[in-house]
Number of protein chains: 12
Amino acid sequence: MTVVRSTLPEEALGVTGTALQETLVDLLGLSLVGKQAHWNVVGPRFRSIHLQLDEVVATARDHSDTVAERAAALGVSPDGRPETIAATFALPGTKDGWLRDTEVVELMVSALGTAVGRLRERIEATEKADPVTQDLLITITAELEKQRWMFQAENHPRDGASS
Amino acid sequence: MTVVRSTLPEEALGVTGTALQETLVDLLGLSLVGKQAHWNVVGPRFRSIHLQLDEVVATARDHSDTVAERAAALGVSPDGRPETIAATFALPGTKDGWLRDTEVVELMVSALGTAVGRLRERIEATEKADPVTQDLLITITAELEKQRWMFQAENHPRDGASS
Amino acid sequence: MTVVRSTLPEEALGVTGTALQETLVDLLGLSLVGKQAHWNVVGPRFRSIHLQLDEVVATARDHSDTVAERAAALGVSPDGRPETIAATFALPGTKDGWLRDTEVVELMVSALGTAVGRLRERIEATEKADPVTQDLLITITAELEKQRWMFQAENHPRDGASS
Amino acid sequence: MTVVRSTLPEEALGVTGTALQETLVDLLGLSLVGKQAHWNVVGPRFRSIHLQLDEVVATARDHSDTVAERAAALGVSPDGRPETIAATFALPGTKDGWLRDTEVVELMVSALGTAVGRLRERIEATEKADPVTQDLLITITAELEKQRWMFQAENHPRDGASS
Amino acid sequence: MTVVRSTLPEEALGVTGTALQETLVDLLGLSLVGKQAHWNVVGPRFRSIHLQLDEVVATARDHSDTVAERAAALGVSPDGRPETIAATFALPGTKDGWLRDTEVVELMVSALGTAVGRLRERIEATEKADPVTQDLLITITAELEKQRWMFQAENHPRDGASS
Amino acid sequence: MTVVRSTLPEEALGVTGTALQETLVDLLGLSLVGKQAHWNVVGPRFRSIHLQLDEVVATARDHSDTVAERAAALGVSPDGRPETIAATFALPGTKDGWLRDTEVVELMVSALGTAVGRLRERIEATEKADPVTQDLLITITAELEKQRWMFQAENHPRDGASS
Amino acid sequence: MTVVRSTLPEEALGVTGTALQETLVDLLGLSLVGKQAHWNVVGPRFRSIHLQLDEVVATARDHSDTVAERAAALGVSPDGRPETIAATFALPGTKDGWLRDTEVVELMVSALGTAVGRLRERIEATEKADPVTQDLLITITAELEKQRWMFQAENHPRDGASS
Amino acid sequence: MTVVRSTLPEEALGVTGTALQETLVDLLGLSLVGKQAHWNVVGPRFRSIHLQLDEVVATARDHSDTVAERAAALGVSPDGRPETIAATFALPGTKDGWLRDTEVVELMVSALGTAVGRLRERIEATEKADPVTQDLLITITAELEKQRWMFQAENHPRDGASS
Amino acid sequence: MTVVRSTLPEEALGVTGTALQETLVDLLGLSLVGKQAHWNVVGPRFRSIHLQLDEVVATARDHSDTVAERAAALGVSPDGRPETIAATFALPGTKDGWLRDTEVVELMVSALGTAVGRLRERIEATEKADPVTQDLLITITAELEKQRWMFQAENHPRDGASS
Amino acid sequence: MTVVRSTLPEEALGVTGTALQETLVDLLGLSLVGKQAHWNVVGPRFRSIHLQLDEVVATARDHSDTVAERAAALGVSPDGRPETIAATFALPGTKDGWLRDTEVVELMVSALGTAVGRLRERIEATEKADPVTQDLLITITAELEKQRWMFQAENHPRDGASS
Amino acid sequence: MTVVRSTLPEEALGVTGTALQETLVDLLGLSLVGKQAHWNVVGPRFRSIHLQLDEVVATARDHSDTVAERAAALGVSPDGRPETIAATFALPGTKDGWLRDTEVVELMVSALGTAVGRLRERIEATEKADPVTQDLLITITAELEKQRWMFQAENHPRDGASS
Amino acid sequence: MTVVRSTLPEEALGVTGTALQETLVDLLGLSLVGKQAHWNVVGPRFRSIHLQLDEVVATARDHSDTVAERAAALGVSPDGRPETIAATFALPGTKDGWLRDTEVVELMVSALGTAVGRLRERIEATEKADPVTQDLLITITAELEKQRWMFQAENHPRDGASS
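Rules behind the numbers
- Residues numbered from 1 in each chain as written.
- Chains lettered and ligands numbered in written order.
- Predicted model: local features only at pLDDT ≥ 70, side-chain atom pairs only at ≥ 80, totals over all residues.
- Heavy atoms only, no water.
- UniProt positions renumbered as here; feature names shortened; annotations may be inferred.
- Helix = DSSP H or I, 4+ residues; strand = E, 2+ residues; numbered from the N terminus.
- Buried < 20%, exposed > 50% of the residue type's maximum accessible area, 1.4 Å probe, protein only.
- Contact = heavy atoms within 4.5 Å.
- Areas by Shrake-Rupley, 256 points an atom, 1.4 Å probe, with all protein chains shown as cover.
- Lys, Arg positive; Asp, Glu negative; His and termini not counted.
- Charge placed at Lys NZ, Arg CZ, Asp CG, Glu CD.
- Buried area = accessible area lost by both parts, 1.4 Å probe.
- Salt bridge = Lys/Arg side-chain N within 4 Å of Asp/Glu carboxyl O.
- Polar contact = N/O pair within 3.5 Å; in protein donor to acceptor, adjacent residues only side chain to side chain.
- Nonpolar A, V, L, I, M, F, W, Y, C, P; charged D, E, K, R; others polar.
- Least-squares fit on C-alpha atoms with pLDDT ≥ 70 in both.

As recorded in an unreviewed UniProt entry, chain A goes by the name Starvation-inducible DNA-binding protein, listed as coming from Streptomyces echinatus. Per UniProt, the comment on chain A under Sequence similarities (unreviewed entry) is "Belongs to the Dps family."

Here it is in structure tokens:
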């Protein structure tokens, strides 16, 4: 069933569609993992991290919507079903149960860092294929790098303590 | 790792914790399926259904947060990770690709109906165990039944068509 | 014409549907009587009562909408037509023409008291039939009892005056 | 009981008072019929019409308040009690039970058209009697004609169907 | 110094300019008298009347601005200086010092009634001269008549008292 | 294709439809010319006039929408296409390129004055044909006359300079 | 002095009135103790806890108002005077002077836990007596349990520390 | 435990700390007594006084926060615990049970008047000690004197009654 | 008729009452003169000055209300009637008719400067009599001095002109 | 008349200026055509499309302003006069008179598709000439492609119809 | 170039001008140092301190504007240029590079404490010279002392550490 | 002390870090110079320019924050201390004392033009090094070019003057 006739040529569409679908799963998975940590974090920094995680989730949700609608706008059906996320999510996840605040900070630094690395590859891949999509991926990267810095800064060891 | 000492006795806690964890997965899954349909719906009623689905998603997301935090408040670690949703989601899902508007309406009537049926059982199960949790489940049921009615009303056949 | 398939069994649906339809007429009638008094009240307490009546009307209108949509959500067509209200409205009404402020206060104490009494019966009747509907009726009762208290407090006689 | 001394001479007051009382009943009845359709509409255009009807109801409620307070301001006690509406409402009403979306559209075109016709007569009648009231009736007419156009436009047959 | 060339012919401009200048003084004076009562009212209804007077003042101030800018738009310099108001204000004023709440209500009924009577004459006078100005005067009359009704309704005697 | 059955008799409809269509083109053209000046104005009063022009454009856009929807409500298809505006726009326009602030002020005084003159004729023409449309034209005239005054006041020559 | 005639029978009223009066004192006392800690907390987590305490205070204040007005609505005069609170407040209080952040967290876990325990008894006691009051107590319990969880999560010891 | 090193010398700190602690108790007590009256007032002026009392409570609560944080900022631990208020509250309090509206007005005139008298002494005492604190006490006095005036104006006897 | 018993001793009250009454007339007069200029200003700076004058008027109106209510709070009946303003207004006024923008700027510099000079005397006079009133006068002075600066800055001559 | 000295070299300015002027006309024309369809659409999907068209118009108007001001910022006078639009508008337009909803959907798919195609060429053309302008064109393209998708999705044939 | 003629005599102006200019530099420097710490803070309390610093910056920026405009209003040209701040900033500054959270807290306690000490001297100096300026400096002192307390409270050592 | 591990390779980081640090100083300096002019401008266009400068300051402050946080996110400590700005600020500054409005306009045209020129070089330099940073610099350039155009347009000579 062809629904939306794309404004891109075939090959460019292939590259762009893949970039968008992968980003969609990264962001949806990140929003679920972020909420999981939001609910399960414990420790003296509970409140700070509990609130900060909701900013990550809000960012991930907003951009997942933009990314999926961009795919649809190009004629590529986006896939964000639970089974698809579970099968293709490629960022670091988390164990079940309560999570110490220090664990959460490390988790987020790692998950956001991986997401940024993958986005930077797609920025390069889409430069020729579709500068409009590239621009969107650049915007997302900027926000995830900012979130990552905040967790990294939070993660800085106290004086004399080992990392 | 025991973190939050529950205000409920052991047995009541078991019943309540199960009810909340199952509801959490129902709502998270519903929010993902709702967004999937929001992006992939096509047909003459696109705009109406596209917008209505976002109300379902907003409701499901808000309540999933309340449900998970209620579990945490009772000392039960909630689990909303991608793999958990994929493994335990029990409402009707959807195929990949574009979805005709009529298919979406039927999907939502069915998914919301199943969710309501499961919630009604949990309302009964938690009546003695924890009236506070029961009250929350009642609130969620009222909203999902309202959403289900709207899709049912939308689904009514034109004159002359068989029901 | 069956439109919305109910999530309730037949008998429970009968009890619940009746409770909702009766509440709908009580609230719509109350909103009309409240406006009538809002426009026709005269006397030194005009402004206080004029404003307070608009709060009653706003409450009655909002809840009439929720009640009717709850009926629809259960598969029961709600009936709020002018002729239905006129024929089945069972709260104390008012004569035509200007109304002294003291008359209005007594009218509202009486109308709200009757409405609360009828709602308490329906709360009991729906407890088994549909706890979701019961929860809605409880909410409405709380608000109408609050409104009734305010008019009662306003109605307190001056020192030395007979009640 | 004479309460508010009118700023109009006797005869002008008679004409104006009648125009306002009739308009009040038209608008209150219209708000009840509009809500009835809002709750009972079914069919593929459910959501569009469900929302549009709430705009009609909001308009009718707001203007009924202005009209009644205008009557009071002129010394004429307005009458919007349930029994008065039921006895004197002169616009097309509706049967009970669910209403197909096409039926609702026809109902609203007809009810709004009748209301406009009656208002235009009153605009003429009040021109000399009270230009202030006339101006209010003109404002109401403009809004009801706009609402009527929208339902008419919605009612246009598909290609090949007879007008 | 001719500044704004009028869009009206000479004679119509004379009639319209006079109507606007007189209305300007009525409204500015009313806003000052209303504030005076707002500050000096005493008695059991203090709060109700204190608040209601601020609505009169807000209405009078807003419309005085519209009226003066309408005059300017027609090329007539409006005059709202203190000495002009003191010299030409023709509505009932008030004595200095504290004012009983009953006195204030009577004062406002009388001042608003006089203002309405004067406006109705100007509505007639400007009908041919400038329907745009007439429309503005109609709007002001509607609001002042509404305010006057509220004070009249408040002024209604208690039971057993003579009218 | 007859779509909306008018509430006006044939002849009145002809007069009213013409008045509305002409006003629509005046307002749409005014909004385009206003934006053209908003972008191209230069000179020491740049900022004041740049901002004031956006108020003219906002007014013209809002009223063009009301006027076109009024025509539709009466059963007359409004025509605001680029080619129609270019062919029938009758107010003073502007040359291309940058515009000195003094030129812009003169342009707006002239364009608004012409628009007001044309509106006043239509106010007279529609008085009998459709008082509802007349009331709308009166409202537009009041706003355009106010805007014209502001540009005229701004245009007043400095002391000793010739007009 | 009998003021508000209750809608409850004598015995149910006794149970309900006691439950509401005790809850009122718990909440007013909690709001005072919460503010005391808000002002006196010191330590590295100052800001987090300072802000979180204000959420507890806001919750306690809002619900104390609802609880007291519910008592009044049932005809029971609520008592929230300073001497009554001091004499009957039964939750853990605090010493005077500065409070370390760790002390504050423990204080709030303990005070909120005690409040919840007392509320759960009243939920049971009012089930038959007044389901409307029970519903209000359930709502309050849900919020206090959520607040208690947050302080418990914050209180989790760092690695290596004993639970 | 010394926490906050004061910016004031010892003696000035003593005077200022005492002034702030006493003001804190006055305001917290006033907020509790104001709420008590808000809930228990009865009589024809119920609504006016019910609403006005909430303004007193809001003012007292806001300023109690500012006063306590000012003490903390100077290095003086503020004490607003229930037992402290009960032991040191020095304004007129109220009996339990329902309160006639006239009693409430007298209570508030008296309580606010006493509070103002005590504040004026502290304004003098802190002039040299800490002009920053003095400025805060001046602000509070201005607001309480305004509230007191409103209750006094409300308290004015009707004609013929003795002062 | 003594209404509000003052919190100030006789002599202090005399000084303070006079300061407040004079300030009230200054501010009310200033608001009228400011509006007069707002409507009548012409010249190239029309828009800037037209807008800036409304800020002066808003400031003057807000503070006149505070000043009058402060007088009432102290037991002094404030007098802001038209005849009182006309008789006692002591700031520079304006001629009738259109006003060049340069004239308006000079007028405002002069009027605001005179007002500030008079306020500074009252600040000194009330220092001992009532520091609460003094604080209010200081606030007003700060705002009027800011407004005066803006008009002075606007008034600066172009290059080559003498200072 | 040279007004704004450009920050770009001559040749880059030529390319960029042309791209901006052409985009300006595309967007202004699109806003006019969108409004024309907004007013003239008829058929069962009237409301959905009527509302969606206003989003297109809002987008087109906002971006036309940004584009024109970008041209001005680079020293190129933008030209959006009626005659320029009519002469150079290159997107598909519409016939006069009422438009069936299906026609409108096709018109918008076609007009938006053409606009996107033209924008993609300009994105390429401005990459070297001015990356700042290119970034703006990318943003506009993303939004128009999203709008185009929505109309395409709406346009999908019912079951049984050929794609 | 004399621009604004001061309302203060020469000598008072000298004292006041110096106080304002010094305060201006303190506040501008504080806003820059606060932002520097906002960006460079690292450690477990990152988020709390990052947010709190933005409140300091907002306070410093707002008051620097008020202080500079107060100087201008008195006829003293304020100087907030980069070179002036660098040359005359007298509060403790910070090294470049990342800053541990504990360092930041100590920096802010010290910088705010120094600022408060300098302000208290100026409060004394301006008491006679200009009470209006003194009042502004009092307001700023109150806010900076509050900010300083919050950092001091945060700085309190954990148990076992020496005070 | 290494805090944030960068997501960029060494060399790219060097280029990007330099671009960001230089932009930070340009923007912070611009915000200080803009405020200096905001406070010191005099002349007939005072109000227009006073307001416009605050828009420049707001833009510069917002973007300085984004730029500094972008540097931090990449692992580069940003430096915005007073001494750094004074030492490295490279845009045209201003003399002390009052500034004529014409001087201010020229200053801003020059400062913004220089800033844009420097940004365009960095846009080129970061294209390969970090497209995310490049995108941010493009956004800033667009806004500064718009601000520069507005001052240029304002700066256009009157008729008869040479260009």
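Trainee: Just checking my understanding: could you explain the overall build of chain A for this structure?
Mentor: What chain A contains, in helices and strands, is five helices and two strands. On the principal axes, the C-alpha backbone points of chain A span a range of 60 × 30 × 20 Å. Burial statistics for chain A: of 163 residues in total, 65% are counted as buried. Counting only contacts in chain A whose residues sit at least 6 apart along the sequence, the fraction spanning at least 24 positions is 81%. Counting only carbon and sulfur atoms, one obtains 49% of the accessible surface of chain A, whose full area is about 5300 Å². Counting 16 positive and 24 negative side-chain charges, chain A places the averaged centre of each group 4 Å from the other.

Trainee: For this particular structure, what's the right way to read the side chain of R81(L)?
Mentor: Relative to the helices and strands, R81(L) is located in the loop between α2 (46-73) and α3 (82-88). Those residues in contact with R81(L) that sit more than four places away from it in its chain are Q36(K), T94(K), K95(K) and D96(K).

Trainee: Sorry, what's going on with the UniProt feature "domain: Ferritin/DPS" (unreviewed entry) in chain A here?
Mentor: As recorded in UniProt, the feature "domain: Ferritin/DPS" (unreviewed entry) lies at residues 19-153 of chain A. Across residues 19-153 of chain A one finds 81% helix and 3% strand; the C-alpha atoms that close the span lie 30 Å apart.

Trainee: Is there a simple way to explain the interface of chain G and chain H in this structure?
Mentor: By a widespread convention, an interface's size corresponds to the accessible area lost as its parts come together. Listed as interface residues are 38 residues of chain G and, on the opposing side, 38 residues of chain H. Here chain G and chain H share an interface that buries about 3200 Å² over both sides, 66% of which is from carbon and sulfur atoms. Here chain G is connected to chain H by two salt bridges. Of the charged contacts, one joins D65(H) and K35(G) as a salt bridge, the two residues approaching to 2.6 Å between their closest N and O atoms. Linking chain G with chain H are 16 residue pairs in polar contact (both at pLDDT 80 or more). Where the side of chain G that touches chain H is concerned, the elements lending two or more residues are α1 (10-40), α2 (46-73), α3 (82-88) and β2 (99-100) of chain G. Ranked by the residues each element gives to the side of chain G that touches chain H, the list is headed by α1(G), at nine residues. By residue class, the composition of the side of chain G that touches chain H is 18 nonpolar, ten polar and ten charged.

Trainee: Would you explain the relation of the copies chain G and chain H in this entry?
Mentor: Note on the chain copies: they are related by a rotation about an axis and a translation along it. Relative to chain H, chain G is turned by 180 degrees and slid 0.0 Å along the rotation axis, the superposed coordinates differing by an RMSD of 0.0 Å. Such a combination of rotation and displacement between the chain copies is what one expects of a two-fold axis. The C-alpha atom lying nearest the rotation axis in chain G is that of A86(G); the distance is 3.0 Å. The fraction of interface residues of chain G whose copies in chain H are also interface residues reaches 100%, indicating that both copies meet through the same surface.

Trainee: How should I be thinking about the arrangement of the chains in this particular structure?
Mentor: No interface is formed between chain A and chain D, the nearest pair of C-alpha atoms being 21 Å apart. Taking C-alpha atoms only, the smallest gap left between chain C and chain L, which are not in contact, amounts to 42 Å.

Trainee: Where do I start with the interface of chain E and chain F in this structure?
Mentor: If you look at the interface, chain E gives 16 residues, while chain F gives 13 residues. Counting each side, the surface lost to burial between chain E and chain F is near 1400 Å², with a carbon and sulfur contribution of 55%. When the area that chain E buries against chain F is broken down by residue, the three leading residues are T7(E), E69(E) and V132(E), summing to 34%. Our enumeration of links across chain E and chain F arrives at three salt bridges. With a shortest N-O distance of 3.2 Å, E69(E) and K146(F) are connected by a salt bridge. Along the contact surface separating chain E from chain F lie six residue pairs in polar contact (both at pLDDT 80 or more). Where the side of chain E that touches chain F is concerned, the elements lending two or more residues are α2 (46-73) and α5 (131-154) of chain E.

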